[in-house]
Amino acid sequence: MLRLGVNIDHVATLRQARYRGFDRGEPCPVDAVRQAEDAGAHGITAHLREDRRHILDRDIWAIRDTVQTRLNFEMANTPEMIDIATRLKPEAVCLVPENRAEVTTEGGLDVVGQVDAITEGAATLGQAGVEVSLFIDPDAQQIEATARTGSPFIELHTGAYAEAYGDEARQAAELERLARAAEQAKSLGLSVNAGHGLNYENTRGIFLVPHLNELNIGHSIVSRAITVGLGQAVREMLELMEGYKAG
Ligand code: PXP
C-alpha cells in the first residue's frame, strides 16, 4: 500500500499571513492534524524552518502531542534542529536543504558534498530512535552517497516531474529518472518515499515509479481543503493513490 503523509506547513503559512507575531490565530495546524488523521492520512509532516516562516516552535510541540499516526519532522541538518529533534522524538526526520530566499524547498540535499556532516546528523538521530530520510534529487551519485550515510530512507524530489506537467516528453523523462533512482535505492537497501509538487492531476503518474512506500503531499491538499474541506481533500488524494503496485 502506498501511504500518504500530509504536509501541514501551509496551514501555518495561511495563519502567519494574518497573525505573525501573535501567540494565536487561524487556521490551526493542530486541528489540521486531527482532520487529516480522521480522514485516513497515514502520517503528518511538518517542517520547522530556521526562519520560522510557517510552522513555529509552539506548533511543532503541539503537533507532536496530537499526532496519533506518525510524525515526519522536516528539518535542516543544523545543531539547533538536531537538538530539537532529539527532544521532540518524531517517528521520522527528513533532512532537507534550506535556503532563506526560496519559497519552498527547491532542490534536493547535496549529500555528495557533505557526507560527513550528514552521516553525523543521521547517526545522532538514529541513536535517538528516529528513522532518517534524506530528501534528494533522483541522481545516481546522491543515492550512492545517501547509502554511505547510513540513512535508511530517501525521499525522492518529484519537483522536476511536477514542473514538466503539460510537456509529455519531459514528463516521461522525469518519470524514467525517478524510476531508475528508485531501483538503485532499493538495490542499495534504501526504502523510498517521494514528494514535492504532487497534486490531484499528476499523482497517478507516479505509479510508474516502483518501490514507493510513502508520498508526502502538502500544498495541493491544503489548497483543495479551502473549497472542499481538509477531510474531503485527504480522502480524495487517498482514493487517487489506491491501486499502486510497489513492483
Ligand atoms: N517533501 C519535502 C521534503 C518537502 O520539502 C515538501 C515541501 O515542503 C514536500 C514534500 C511537499 O511538497 P508540496 O507542498 O509541494 O506537496
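Residues numbered from 1 in each chain as written. Predicted model: local features only at pLDDT ≥ 70, side-chain atom pairs only at ≥ 80, totals over all residues. Heavy atoms only, no water.

## What about the pattern of salt bridges?
Using the criterion set out here, one finds 13 salt bridges in the structure. Close ionic contact of Arg15 with Asp59 constitutes a salt bridge, the shortest N to O distance being 2.6 Å. Taken together, the positions of Arg15 in helix H1 (residues 9-19) and Asp59 in helix H3 (residues 57-66) put the pair 44 residues apart, joining distant regions of the chain. Here Arg15 matches Asp59 in class, with each residue buried. A salt bridge links Glu91 to Arg64; its shortest N-O distance comes to 3.3 Å. Within this pair, whereas Glu91 is found in the loop between helix H4 (79-88) and strand E4 (92-95), its partner Arg64 is found in helix H3, the two being separated by 27 residues in sequence. Judged by relative accessible area, Glu91 falls into the partly exposed class, the value being 28%. (Salt bridge = Lys/Arg side-chain N within 4 Å of Asp/Glu carboxyl O. Helix = DSSP H or I, 4+ residues; strand = E, 2+ residues; numbered from the N terminus. Buried < 20%, exposed > 50% of the residue type's maximum accessible area, 1.4 Å probe, protein only.)

## Re helix H6 (residues 140-149)
Along H6, the positions that sit buried rather than exposed are Gln142, Ile143, Ala145, Thr146 and Thr149. Seen along its axis, H6 keeps its buried residues to an arc of 165°; they face one direction. Of the residues in H6, the exposed ones pointing more than 90 degrees away from the buried face are Gln141 and Arg148. Those residues of H6 that are buried are in contact with helix H5 (115-127), strand E5 (131-136), strand E6 (153-157) and helix H8 (168-187). At the N-terminal end of H6, a side-chain oxygen is found 3.0 Å from the backbone nitrogen of Gln141, two or three residues along, and the residue is Asp139. Looking one or two places after H6, you find Gly150, whose phi comes out positive at around 80°. (Arc of directions from axis to C-beta. Contact = heavy atoms within 4.5 Å. Polar contact = N/O pair within 3.5 Å; in protein donor to acceptor, adjacent residues only side chain to side chain.)

## Section: the site of the ligand
In the region of the ligand, 15 residues are neighbours, and Glu74, Glu155, Gly197, Gly218 and His219 sit closest. A distance of 2.9 Å is found between an oxygen atom of the ligand and a backbone nitrogen or oxygen belonging to His219. Here the ligand, which alone exposes 390 Å², has 95% of that area covered by the protein. The residue inventory of the shell around the ligand, partitioned by class, reads 3 nonpolar, 9 polar and 3 charged. (Near = heavy atom within 4 Å. Areas by Shrake-Rupley, 256 points an atom, 1.4 Å probe, with all protein chains shown as cover. Nonpolar A, V, L, I, M, F, W, Y, C, P; charged D, E, K, R; others polar.)

## Regarding the pairing of strand E7 (residues 191-195)
With 4 of 5 residues buried, E7 lies mostly within the body of the structure. Bridge count between E6 and E7: 5 bridges; the pairing is parallel. When the bridges of E7 are listed, Glu155 appears paired with Asn193. Bridge count for E7 against strand E8 (residues 212-217) is 4 bridges, and the pairing is parallel. Bridge pairing in E8 links Gly195 to Asn216. (Pairing = 2+ DSSP bridges.)

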